[in-house]
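Secondary and tertiary structure notes
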Amino acid sequence: MKITLPTGKTVESRSGESILSALRREKVYLVSSCGGRGTCGKCKIQITEGTASRQSLMKLDANEIANNFALACKAFPDTDIAIEIPKESRLLIGDKIAVGRADDLARLAEQLGCALSPLVRRVPLVIAPPTIDDNISDLERIKRELGRAGVDAERLHVRYDLLREMSDVLRDNDWQVTLTISTGELPELLAIHSGTEAAAHYGVAVDIGTTTVVVYLIDMLSGKLVDVGSTYNSQMRYGDDVINRIVHATEHGMIEQLQQAVVGDINNLLDPVLERHNLKSDDIDSMVIAGNTTMTQLFYCLNPEYIREEPYIPAANAYPEIHAGQLGIDIHPNAPIFTAPCVASYVGGDISAGVLASGMARREGFSLFMDIGTNGEIALGNREMLVTAACSAGPCFEGSGMKCGMRATEGAIEGIEFDPRSFNPTLKVVGGGEPLGICGSGMIDAIGDMYLKGIIDQKGKLQPVSRRVREGDDGMEILLSGGRREVVLTESDIENIIRAKAAIHAGYSVLLNEIGFTIDMLDNIYIAGGFGNYLNIEKAILLGMLPDVDRSKFVFLGNTSITGAAICLLSGAMRAEVKEIAAKMTYVELSVSASFMDEYMSAMFLPHTDMNRYPTVLAKMGV
Ligand code: FES
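By convention here, each chain's residues receive numbers from 1 onward along its written sequence. Reporting in this predicted model follows two pLDDT cut-offs: at least 70 for local features of residues, and 80 or more for side-chain atom pairs to be given and counted; totals over whole chains, interfaces and linings ignore these cut-offs and use all residues. Side-chain metrics in this entry use all non-hydrogen atoms of the structure; hydrogen atoms and water are not considered.

Remarks on the side chain of Ser 13
- A run of H or I in DSSP becomes a helix once it reaches four residues, and a run of E becomes a strand once it reaches two; helices and strands are each numbered from the N terminus. With respect to the secondary-structure elements, Ser 13 resides in the loop between β2 (10-12) and α1 (19-25).
- Ser 13 gets classed as buried once you look at its relative accessible area, which sits at 7%. Using a 1.4 Å probe on the protein chains alone, a residue whose accessible area is under 20% of its type maximum counts as buried, one over 50% counts as exposed, and one in between counts as partly exposed.

This is how it looks when you write it as structure tokens:
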């Protein structure tokens, strides 16, 4: 059967294949938070011509059912069909993605004392040609010259492919060449270039997030950031969270597809970057990646099954150096890849890189680090000790599992304030147009403000203060916007957010208990993650997600995973430090922590059962 898209392009669907899967094969991607199980309702399409069997009408309202809307993952063409794809169902590139504080990189590198020492070095050599009296082999001749240049040539490992071409390259270039040698524990000859002129020499740092992929191109001669690229992680078509990805990789046997999806993203980001700067892919000869444990394992195509099963064991925390060509990355095939080390199944290299970038592991005072992204990871400590945990906050702050939830893309309500008398909301919408849904910062704003204005009670239950509060298809809801598409927040959405904030609150409370600290004893609270860029602190405190402490202690760091990866790319000292950080971190498994449940249950109220922990909220509410 043929599926005609709104552009007029047609896609062939195979027998028994869902519309979602047929579109995906043709690289037309829809939001599919639940990975195609038919439970998220995010992959809606409208069938405008022909007929399709709709195996599930769940998540469709009466109006949508009557107008031939369908869940693309649960709809199968009976005839040739034509479809419309609503804007909110499209997985678009180029939305607000946290690319880190790119302009701060040089300052941070200086602050942390990152002397430039890349993963590879270029060594120009002018070699004396052989004579009858000096007749050592070509390789020995290279090693002798390298020794004179201060390289530990005796231990030098030479790749077979280079050994095969070496003699000709030396002679073709009059014995004047530049060698690329890795600076890892075992020096390795990675490339032989013609001549001794300083050639282009670049590195790439990559943050592989569950939701987004960010790359930094860095000039390894000057240490300067040259360009930045970002996109959504294409693995999103297999589900929003790591569990759905693991299920696809293992139960559906799709690990290669998941690996290729993210490798494809990195290559697609590098293509235009290289073109913009007139570079060849071989000019990039080193790479650092940072990602959570599942993303790291999928990048290396390592079976992630045991991450998900008790006792939750990753394949590796520290990764050996691997060459880009082994994974299909379009840079110099022999470029070494350094991986920010992971700590446990749910605390990955993104957190060790983030803690490195925050500088908290160098300070005497204690700090709390919170990375609130697709999940919530936290670390607590100072230069002597570090404890860490994963909070299982879930991806609700990125819109997943919420009736009108969406990412912070065009049309998302990102800010909201209710009138204290009429309870009508004033909305701030990404892009300024018609609201299509609500993103994480909008939800925090809405719930914080609704609590302050008495629209919800301490348990998050909606109060009948206005006609906007009404009974909907999924229980009680509040109407935020009534345009072409109604945007509502349901009681179950509010409950979802309260559960997530309670998990974060309980997570840092347990870590504080572990080291016998109270929140006011901390010097700094670092907030990282894409979400951290747009978080309204006051509303997050009203919600009880952030502690009610001196506001000057909060420091927003943005995407620290990419910043940490970039400083590791620049400096050997930073690579050593990130390894030390990961090795030093004690992982606390919250699911077996005796106090976690108590802390969690106490935090299931707004802002908390113990209101004395939130003095400024009490003052705001006139208590
Ligand atoms: Fe279709 Fe979730 S309902 S992907």
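Some points on the sheet that holds strand β11 (residues 188-194)
- The strand order across the open sheet formed by four strands is β8-β10-β11-β9, and the pairing between neighbours is mixed. Both edges of this open sheet fall to β8 (120-126) and β9 (157-158), since each of them pairs with a single strand only.
- Sitting on the sheet, helix α4 (residues 138-148) is in contact with β8, β9 and β10 (176-182), with an inclination near 105° to β8. DSSP-based pairing: two strands are paired if at least 2 bridges between them are found. Pairs of residues are marked as contacts when any of their non-hydrogen atoms sit within 4.5 Å. Each axis is a line fitted through C-alpha atoms, and for a helix only the stretch in contact is used; angles between axes span 0 to 180 degrees, taken between their N-to-C directions.

Re the nonpolar core
- Among the buried residues, those of types Ala, Val, Leu, Ile, Met, Phe, Trp, Tyr and Cys that are joined through side-chain atoms within 4.5 Å form a nonpolar core. Counting residues in each nonpolar core, the largest one holds 73 residues, and the members touching the most others are Met 450 and Leu 489.
- Grouped together as the second largest cluster of nonpolar side chains are 43 residues, Cys 114, Val 347, Ala 353 and Ile 567 included.

Here's the deal with the confidence of the model for the chain
- Predicted confidence across the chain gives a mean pLDDT of 91, with 97% of residues reaching 70 or more.
- On a scale of 0 to 100, pLDDT captures the predictor's confidence in every residue. When pLDDT is averaged over each helix and strand of the chain, the minimum, 78, is found for helix α3 (residues 105-111) and the maximum, 98, for helix α8 (residues 293-299).

With respect to the state of the cysteines
- Note on disulfides: each one is a pair of cysteine sulfur atoms within 2.5 Å. In total, this model carries zero disulfides according to the counting rule given.
- With no disulfide of its own, Cys 301 lies 16 Å from the sulfur of Cys 342, the closest cysteine sulfur.

Quick look at the environment of Thr 39
- Following the sequence through the fold, Thr 39 ends up in the loop between α1 and β3 (44-49).
- With 32 residues separating them along the chain, Thr 39 and Leu 71 place their C-alpha atoms 9.5 Å apart.
- Beyond its immediate sequence surroundings of up to four residues, Thr 39 is in contact with Cys 34 and Lys 59.

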